[in-house]
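Spelled out from the first residue to the last, the chains are:
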Amino acid sequence: MSRYDPATLEPRWQQAWDEASLFRAERDETRPKYYVLEMFPYPSGRIHMGHVRNYTMGDVVARYKLARGFNVLHPMGWDAFGLPAENAAMERGGHPADWTYANIADMRAQMKPLGLSIDWSREFATCDPEYYALQQSLFLDFLDAGLVYRKPAVVNWDPVEMTVLANEQVIDGKGWRSGAPVERQERQQWAFRISDFAGELLDALEDMKDWPERVRLMQANWIGRSRGLEFGFETIGAPEGFGRLEVYSTRPDTLMGATFAAISPDHPLARALEGNPAIAAFCAEARRSGTSEEALEKADKTGIDTGIRVRHPLEPGRELPVWIANFILMDYGTGAIFGCPAHDQRDLDFSRKYGLEVIDCFVARKDGAPVENTAFVPPKSEPVLWLAGLGWPETATAEEAIAATIDRAEAEGWGRGVTRYRLRDWGISRQRYWGCPIPVIHCPTCGVVPEMKENLPVALPMDVTFDQPGNPLDRHPTWRNCTCPKCGGAALRETDTMDTFVDSSWYFARFTAPGAPTPTVAEDAEYWMNVDQYIGGIEHAILHLLYSRFFARAMHITGHLPEKSREPFAALFTQGMVTHEIYRTRDGRGRPVYHLPEEVETTEGGTRLRATGAPVEVIPSAKMSKSKKNVVDPVNIIERFGADTARWFVLSDSPPERDVEWTAAGAEAAFRHLGRVWMLCDRIAAMDHDAPGTGDDDLLRAMHRTIAEVTTHIDAFGFNAAIARLYAFTNVLARSEASQPVQRQAIMTLAQLMAPMTPHLSEDIWAHQGGEGLVAAAPWPVADPAMLETDTLVLPVQINGKRRGEIEVPRDLPSAEVEARALALDAVARHLEGRAPRKVIVVPGRIVNVVA
RNA sequence: GCCCAGGUGGCGGAAUUGGUAGACGCGCUGGCUUCAGGUGCCAGUGCCCUUACGGGCGUGGAGGUUCGAGUCCUCUCCUGGGCACCA
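Anyway, here's the lowdown on the structure attached to this text. (Residues numbered from 1 in each chain as written. Chains lettered and ligands numbered in written order. Predicted model: local features only at pLDDT ≥ 70, side-chain atom pairs only at ≥ 80, totals over all residues. Heavy atoms only, no water.)

## Concerning the overall build of chain A
Formally: Only DSSP runs of H or I covering at least 4 residues are called helices, and only runs of E covering at least 2 are called strands; the numbering of each starts at the N terminus. For each residue, the accessible area found with a 1.4 Å probe, counting protein chains only, is set against the maximum for its type, and the residue is called buried under 20%, exposed over 50%, and partly exposed in between. In what follows, residue pairs with any heavy atoms lying within 4.5 Å of each other are defined as contacts. Method for areas: the Shrake-Rupley scheme with a 1.4 Å probe, in which residue coverage is limited to the protein chains shown. The convention is simple: Lys and Arg are positive, Asp and Glu are negative, and His and the chain ends are not counted. Every charge is mapped onto a representative atom, which is NZ of Lys, CZ of Arg, CG of Asp or CD of Glu.
Along chain A, the regular secondary structure elements total 26 helices and 35 strands. Expressed along its principal axes, the backbone C-alpha trace of chain A runs to roughly 105 × 85 × 70 Å. Looking at chain A as a whole, 53% of its 852 residues qualify as buried. Considering only residue pairs separated by 6 or more positions, chain A has 71% of its internal contacts joining residues 24 or more positions apart. Within the structure as shown, chain A displays about 37,700 Å² of accessible surface, and the carbon and sulfur contribution to it stands at 50%. Taking the average place of the 91 positive charges on the side chains of chain A and the average place of its 117 negative ones, the gap between the two points comes to 3 Å.

This is the structure we're talking about:
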């Protein structure tokens, strides 16, 4: 008897699939297509268990759909632009392109042994000049269609590195590398007009039933539609040109409680006042904090009185002070608000800090007390008792009061109702080298001029260094120099590159025609689009997916995608992370020291270091991270156990949408199980073909039930539950004494049902049992409904909702008879203690409950 | 701070529309095989009381709806994720 040896078995079958071109996707209008896509990876150089899980899930879907007769498209590529390549160049020298392509080669070599059913002929990287040239042509088409413009936007500027920093690179207001205080700076930025699509992107979510509810909710909140009042305050003492101050509020019902107005430090009025050194100093300080919403919300609320005042629109005699406040965002609304401290916690904190007045507009209907240190903010649909209403009923809800205020403002002409979105336009300019150059030219005579399509790509120069601060494109001796496409005069190239989210916003469309000279090909897009199943991490729930939805619309408007592709992802699945325990000890000074899994051992006495026997603290279920040393390298796992074990384990232990904890014991158990299945196959092959067996029918019934259950679970993405059924069936088969032909049928069906998860082992079993062709190409087994029926049922019998016994009854026994048999049970008689039951509930085919 | 998700045995988790809580796996315990280098097989395993029969308690906590709640409702605690230049 030979041993289960994945190291020899797996490469053999990968070669067989290759030779059969089994996963090569060809357009074929006579067959239904199925496009399954996993979010493509960033080429960091090493695959991790998260990749294994993500791509295994996609592979299960792809292989299953292939077996169900679909023409499957399952491609792979690389999200290859981005900061890490530049950081590597800075730290180690070399060029980002070399680093990136070497990483891609390494990662591809690590992925291939997983045996994924990928059409590798369609592979590309977003940093390929062929890809970004087409992205530049899309940009020009978008520009032409009015979907792109330039606007000033606020960025994190590191004055030492002379570069713009990502939010994650700003730590406590300082640059992560330089340690220099970061400044908020306004720069001209290219932006996509995604906010023009805000309403549409929001409304369309409604129909996207095959997206997770929470992702749709997160996107809806992100887009953030609100209805409010916009109006202008008349100002007193403001500089020339600032006669009115436009404000926006979603709570105009609290206007009578307004006690101050506040503007963003980036508001034009604030800038106009910077002649005052105190104001200039305040604004400079405010701009020093990060630009993220989180940083603004968490920062202490501070402000400065400008000395300017505004007139209350309904009580012209009342004047409100105008403050500059650090928590007002220039990007939202008009960058100016009126503050009503009684009904907004931030405004209240601010008012208490600076001694501003607090006026209650309404109080709770029961025990309504004036506001002290907690703002009164009940749900808008709740009736409240109005102290400062504007003619609406004394117990109106905020919703009613808001509508009434807007109506009145419009009737009296001092304000208007406005629907606004929280969603801002998508700023795509990055002052970085390793990205897709924005194909425009700055001409001293013609201004901003698009590059001509025949000159694309605007290619990144290779002769650059990263040893000085700033963007290498800015300081390149010749790259910027060009001629203006309009007037032919000397001009300069744009040195900003595009946000890498642009690269990933259309790669799924490019996969439908990866070699074409145009971004897409109509026939291919028409046939392959949309992505039937998209799979990726929840961390992309908002940005990547929202940008892609916008991009698909923009590509439709510019003629690159069909109408149906406005929503490019028919179904979305968000998978959880792979986690692992962290092993921690403390050094002499109490600082944490982390240990690799192989450095520790767990016995009855607890977990200890192998080397010293020192006790180790175990922290469960932590995201794998190099600094915590709790990473498991898939390459090592595949070497030791084979790809099928890795695939089986990452699917088996947790529901796909949740995190899975990698454990060495679990991986070993998976390996042992696959070995058992393999030996089972061997045993069945060696059986006497003609010897009589017992229990043929039982085994066949179990087999058909397993087919039905596994199929249902795979359809519902319940891979862990499918695997549980496969375990159970394997146990049944292992104990079966059925005849050889029936056992052979059972093991071959088992191989088929396991094939999406463990494709190599399944091929081997299939071949061993004399199956025809490749199991990967065999049609999916179908359960015989007649074999799923049973003649009798076991019904639990409850007394007052507690299970006390069970009865076995014929399937179609009438309820009255079921009731009689249940009452005849000893346990029922004992609990009734001679009394008649008050009620008996019989749920046919389910349960009997006796109410005593 | 705001938004979202999740809490079920020692562990990962299972459980059509509200209908036998703990499937399946890990771990652990006992036994068999004698395999000496990660073996196989059998049995048991939520907690507590009980020799047994049987009983009580159990899905983060508190209340509620129901013949019946892991599932529905209200409040609450804890953990994880996202927050626009990380990809």
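The rest of the description comes next.
## Some thoughts on helix α18 (residues 634–641)
Test applied: The directions from the helix axis to the C-beta atoms are what the arc is built from. Here a polar contact means two N or O atoms within 3.5 Å. Within protein one must be a hydrogen donor candidate and the other an acceptor candidate, and residues neighboring in sequence count only if both atoms are side-chain atoms.
Every buried residue belonging to α18 is among Pro634, Ile637, Ile638 and Phe641, and all of these are buried. One side of α18 holds all its buried residues, which, seen down the axis, span an arc of 95°. Exposed side chains of α18 directed beyond 90 degrees from the buried face belong to Glu639 and Arg640. For α18, the elements touching its buried residues are α1 (6–19), α2 (49–67), α19 (643–652) and α20 (664–685). Here α18 starts with a cap whose side-chain oxygen sits 2.9 Å from the backbone nitrogen of valine 635, and that cap is aspartate 633. Glycine 642 lies just past α18 and shows a positive phi near 95°.

## Looking at the packing of aromatic side chains
Operational definition: When two rings of Phe, Tyr or Trp (its six-membered ring) have centres within 6.5 Å they constitute a pair, described as stacked for plane angles under 30 degrees, edge-to-face for angles over 60, and tilted for the intermediate range.
Enumeration according to the criterion identifies 45 aromatic pairs in this entry. Measuring from centroid to centroid gives 6.1 Å for phenylalanine 231 and phenylalanine 338, while their planes differ by 40°, and the two rings are tilted. Of this pair, phenylalanine 231 sits in strand β8 (residues 225–236) while phenylalanine 338 sits in strand β13 (residues 336–339); the two residues are 107 residues apart in sequence, bridging distant segments of the chain. Each member of the pair phenylalanine 231 and phenylalanine 338 is classed as buried. Pairing phenylalanine 641 with phenylalanine 671 gives two aromatic rings, centres 5.3 Å apart and planes at 50°, and the pair type is tilted. Within this pair, whereas phenylalanine 641 is found in helix α18, its partner phenylalanine 671 is found in helix α20, the two being separated by 30 residues in sequence. You can call phenylalanine 641 buried: its relative accessible area is 7%.

## A short note on the environment of tryptophan 99
Here tryptophan 99 shows up in helix α4 (residues 96–111). Sequence-wise, tryptophan 99 and serine 249 are 150 residues apart; in three dimensions their C-alpha atoms are separated by 50 Å. Contacts of tryptophan 99, omitting those with residues within four sequence positions, involve Tyr42, Pro43, Ser44, Pro84, Ala85, Ala88 and Arg92.

## Describing the nonpolar core
Cut-off, in case you're wondering: Among the buried residues, those of types Ala, Val, Leu, Ile, Met, Phe, Trp, Tyr and Cys that are joined through side-chain atoms within 4.5 Å form a nonpolar core.
Residues Phe139, Phe192, Tyr507, Phe551 and Trp662 are the most contacted members of the largest nonpolar core, which totals 166 residues. Ranked by residues supplied to this core, first place goes to α2 with nine residues. Not counting the four nearest positions on each side in its chain, phenylalanine 192 is found in contact with Phe139, Phe142, Leu147, Val148, Asp425, Trp426, Ile428, Val502, Phe550 and Phe551. Among the nonpolar cores identified, the runner-up in size contains 41 residues, and Leu255, Ile279, Ile308 and Ala409 belong to it.

## Some points on the side chain of glutamine 135
When you line up the elements, glutamine 135 lands in helix α5 (residues 129–144). A residue is classified by how much of its surface remains accessible, and glutamine 135, at 1% relative accessible area, is buried. Here glutamine 135 is in contact with Cys436, Met498, Val502, Asp503 and Trp506, once residues within four sequence places are set aside.

## Let's talk about the sheet that holds strand β1 (residues 33–38)
How we decide: Strand pairing is assigned whenever DSSP detects at least two bridges linking the two strands. To get an axis, fit a line to the C-alpha atoms, keeping to the stretch in contact for a helix; angles then go from 0 to 180 degrees between the N-to-C directions.
Taken together, four strands build an open sheet; the order of strands is β2-β1-β24-β25 and the sheet is parallel. Strands with a single pairing partner mark the edges of an open sheet, and in this sheet they are β2 (71–73) and β25 (572–575). Here the average twist between neighbouring strands, direction ignored, is 20°. Relative to β2, β1 runs parallel, the two being bridged by three bridges. For lysine 33, the partnering residue across the bridge sits in β2 and is asparagine 71.

## Details of the pattern of salt bridges
Spelled out, the test is: The salt bridge definition used is simple: a Lys or Arg side-chain nitrogen within 4 Å of an Asp or Glu carboxyl oxygen.
Evaluated as defined, the whole model comprises 34 salt bridges. For arginine 416, the salt bridge is made with glutamate 230, and the minimal N-O distance between the two is 3.4 Å. Of the two residues, arginine 416 sits in strand β16 (residues 415–421) while glutamate 230 sits in strand β8, which places them 186 residues apart along the sequence. Of the residues examined, arginine 416 reaches a relative accessible area of 35% and is grouped as partly exposed. Note that arginine 251 is salt-bridged to aspartate 253, the shortest N-O span being 3.0 Å. What makes arginine 251 buried here is its relative accessible area of 13%. A cluster of three or more residues bridged by salt bridges with shared partners is formed by Glu200, Arg549, Arg553, Arg566 and Glu567.

## Quick notes on the environment of methionine 330
Considering the arrangement of structural elements, one finds methionine 330 in the loop between β12 (319–325) and β13. Separated by 207 residues in sequence, methionine 330 and glutamate 123 place their C-alpha atoms 42 Å apart. If sequence neighbours within four positions are ignored, methionine 330 has contacts with Ser264, Asp266, His267, Pro268 and Gly335.

## Overview of the protein's contact with RNA strand B
Counted only if it meets this: Here a residue counts as near a molecule or strand whenever at least one of its heavy atoms sits within 4 Å of it. Charged residues are taken to be Asp, Glu, Lys and Arg, nonpolar residues to be Ala, Val, Leu, Ile, Met, Phe, Trp, Tyr, Cys and Pro, and polar residues to be all remaining types, Gly included.
Taken together, 61 residues surround RNA strand B, and among them Ala166, Arg640, Glu668, Arg803 and Asn849 come closest. For RNA strand B, a base oxygen lies 2.6 Å from a polar atom in the side chain of arginine 803. Looking at the surface near RNA strand B residue by residue, the classes come out as 21 nonpolar, 15 polar and 25 charged.

## Focus on the pairing of strand β33 (residues 802–810)
For strand β32 (residues 792–799) and β33, the ladder comprises eight bridges, and the chain directions are antiparallel. When the bridges of β33 are listed, leucine 795 appears paired with isoleucine 807. Between β32 and β33, which pair antiparallel in sequence order, lie two residues; one of them, asparagine 800, sits at a positive phi of approximately 55°.

## Overview of the packing of helix α3 (residues 83–92) against α4
When two helices pack together, their arrangement is given by the angle between the helix axes and by the axis-to-axis distance. Put simply, the rule reads: Each angle is binned into one of four classes, with values under 35 degrees roughly parallel, values over 145 roughly antiparallel, values of 65 to 115 roughly perpendicular, and all other values oblique. Here is the rule for handedness: rotate from the far helix to the near one, and if that takes an anticlockwise turn smaller than a right angle the crossing is left-handed, while a clockwise turn gives right-handed.
The geometry of α3 relative to α4 is characterised by a closest axis approach of 8 Å and an angle of 115° between their N-to-C directions. What the angle tells us is that α3 and α4 run roughly perpendicular. Considering how the two elements wind past one another, α3 and α4 form a crossing that is right-handed. Across the interface between the two elements, Pro84, Ala85, Glu86, Ala88, Ala89 and Arg92 of α3 pack against Pro96, Trp99 and Thr100 of α4. Taken together, the residues of the contact of α3 with α4 sort by class into six nonpolar, one polar and two charged.

## Quick look at the sheet that holds strand β20 (residues 447–450)
Sheet architecture is open: four strands sit in the order β20-β19-β22-β21, paired in antiparallel fashion. Strands at the two margins of the open sheet, each flanked by one partner only, are β20 and β21 (481–483). Neighbour-to-neighbour, the strand axes of this sheet turn through a mean angle of 45°, independent of strand direction. In this structure, strand β19 (residues 440–443) lies alongside β20, joined through four bridges in antiparallel fashion. Each residue of the ladder has a partner; that of isoleucine 441, found in β20, is valine 449.

These results come straight from atomic positions and should not be treated as a statement about function.
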